Amino acid sequence: MAETHVLFVEDDDVIREATQLALERDGFVVTAMPDGLSGLEAFRADRPDIALLDVMVPGLDGVSLCRRIRDESTVPVIMLSARADSIDVVLGLEAGADDYVTKPFDGAVLVARIRAVLRRFGHASGGQPGGTETESQPVGGVLVFGDLEVDTEGMEVRKAGEQVALTPTEMRLLLEFSSAPGTVLSRDKLLERVWDYGWGGDTRVVDVHVQRLRTKIGQDRIETVRGFGYKLKA
């Protein structure tokens, strides 16, 4: 099996070196960079399997770097932030990050989150959605909801005939909704199914991804059910 290549951008020398060693002990190949500009260069040169980006790095901050990466690739991105309640967390997610981890973090927790993201990316690129039969109109592997078409085999989405570019996380989220249209899915359930959280997680991750998905497939396609969660309108 090919080794997983991690791009790690962190300006604190101690954290960068210690984390790199910890990841390498777990079998990852790590390219560690001290600032955003060198991180962007390394990303373009090496095309890593996943990027870990600290929010506060010099030159090109982590949020801006995430945007630049997302403009070029759907590679998974995990943001690292020193404060769980920081607006930087939301900004990072809005920029296209798939998850975040707060500092200080335990090395084992970081490795678990990396592996969880990689698992769901592998699933999103070739997995099949779960769920029961729906009232959508299946055509082969295609589910149709008005002008929205979800190809569950080819992992493609079209709106009014035009292809919609989704990240693997957004695709996983849409597959969960499209497998049970009209059914309310709680944030906790979505965290478990899409983000592979076997423990409580930050529901802001779900909320931001739903907003990102809405901008791509239509603001009125996913309905908020206050106090319960979200559902896809059939």
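The rules we used
Throughout, a residue's number is its position along its own chain's written sequence, starting from 1. pLDDT decides what is reported in this predicted model: residues at 70 or higher carry local features, side-chain atom pairs at 80 or more are listed and counted, and totals for whole chains, interfaces and linings draw on all residues regardless. Neither water nor hydrogens contribute to the side-chain values; these are computed over all heavy atoms in the structure. The way it works is that DSSP assigns letters per residue, a run of H or I at least four long becomes a helix, a run of E at least two long becomes a strand, and they are numbered from the N terminus. Think of it in three bands: residues with accessible area under 20% of the maximum for their type are buried, residues over 50% are exposed, and the middle band is partly exposed, with areas taken using a 1.4 Å probe on protein chains only. Residue contacts are counted whenever heavy atoms from the two residues lie within 4.5 Å of one another. Under this definition, polar contacts are N or O atom pairs within 3.5 Å; protein pairs additionally need one hydrogen-donor-capable and one acceptor-capable atom, and for neighbouring residues in sequence, both atoms have to be side-chain atoms. For this document, the term salt bridge refers to a Lys or Arg side-chain nitrogen within 4 Å of an Asp or Glu carboxyl oxygen. Note on geometry: axes are C-alpha line fits, over the in-contact stretch for helices, and angles between N-to-C directions span 0 to 180 degrees. Relative orientations are named as follows: roughly parallel for angles under 35 degrees, roughly antiparallel for angles over 145 degrees, roughly perpendicular for angles from 65 to 115 degrees, and oblique for any other angle. A clockwise turn of the near helix away from the far one marks a right-handed crossing, whereas an anticlockwise turn of less than a right angle marks a left-handed crossing. Residue polarity is assigned by list, with Asp, Glu, Lys and Arg as charged and Ala, Val, Leu, Ile, Met, Phe, Trp, Tyr, Cys and Pro as nonpolar; anything else, Gly included, falls into the polar class. What we call a nonpolar core is a set of buried Ala, Val, Leu, Ile, Met, Phe, Trp, Tyr and Cys residues that are connected through their side-chain atoms within 4.5 Å. Between any two strands, pairing holds if DSSP finds at least two bridges.

A. Highlighting the overall build of the protein chain. Helix and strand counts for the protein chain stand at eight helices and 11 strands. A total of 234 residues make up the protein chain; the buried ones form 50% of that total. A fraction of 59% describes how many contacts in the protein chain between residues 6 or more apart in sequence connect residues 24 or more apart.

B. Quick look at the environment of serine 73. Following the sequence through the fold, serine 73 ends up in the loop between α3 (62-72) and β4 (77-81). Between the C-alpha atoms of serine 73 and phenylalanine 43, which are 30 residues apart in sequence, the distance is 10.0 Å. Once residues lying within four places of it in the same chain are set aside, the contact partners of serine 73 are Phe43 and Arg47. Side-chain polar atoms of serine 73 contact the backbone nitrogen of valine 75, separated by 2.9 Å.

C. Summary view of the pattern of salt bridges. Going through the model one piece at a time under the given rule, you end up with 15 salt bridges. A salt bridge links glutamate 72 to arginine 47; the shortest N-O distance between them is 3.7 Å. With glutamate 72 in helix α3 and arginine 47 in the loop between α2 (36-46) and β3 (50-54), this pair connects stretches of sequence that are 25 residues apart. Judged by its relative accessible area of 34%, glutamate 72 falls in the partly exposed class.

D. Focus on the packing of α2 against α3. At their nearest, the axes of α2 and α3 sit 10 Å apart, and the two run at 20° to each other. Relative to α3, the element α2 lies roughly parallel. In the packing of α2 onto α3, the handedness of the crossing is right-handed. Contacts from Gly36, Leu40, Phe43 and Arg44 of α2 reach α3 at Leu65, Arg68, Ile69 and Glu72. Taken together, the residues that form the contact of α2 with α3 break down as four nonpolar, one polar and three charged.

E. Seen up close, the side chain of arginine 16. When you line up the elements, arginine 16 lands in helix α1 (residues 13-25). Only 2.7 Å separates the side chain of arginine 16 from the side chain of aspartate 13, close enough to count as a polar contact. Beyond its immediate sequence surroundings of up to four residues, arginine 16 is in contact with Phe8, Glu10, Asp11, Ala32, Met33 and Pro34.

F. Spotlight on the nonpolar core. Counting residues in each nonpolar core, the largest one holds 51 residues, and the members touching the most others are Leu53, Met79 and Phe177. If you tally residues by element for this core, the top one is helix α8 (residues 204-217), at six residues. Residues in contact with phenylalanine 177, not counting those within four places in the same chain, are Leu185, Leu190, Val210, Leu213, Ile222, Tyr230, Lys231 and Leu232. Ile50, Ile78, Phe105 and Phe121 belong to the second-largest nonpolar core, a separate cluster that totals 16 residues.

G. Main features of the sheet that holds strand β7 (residues 148-151). Reading across from one edge, β6-β7-β8-β9 is the order of the four strands in this open sheet, with antiparallel pairing throughout. One side of each edge strand has no neighbouring strand; the edge strands of this open sheet are β6 (142-145) and β9 (162-164). Between one strand axis and the next, the sheet turns by 25° as a mean value, whatever way the strands run. Here β7 runs beside strand β8 (residues 156-159); their pairing, made up of four bridges, is antiparallel. Across the sheet, the residue bridging to aspartate 151 is glutamate 156, located in β8. In the packing of helix α6 (residues 168-178) onto the sheet, the strands contacted are β6, β7 and β8, and the crossing angle to β7 comes to about 105°.

Purely geometric stuff here, so don't read any function into it on its own.
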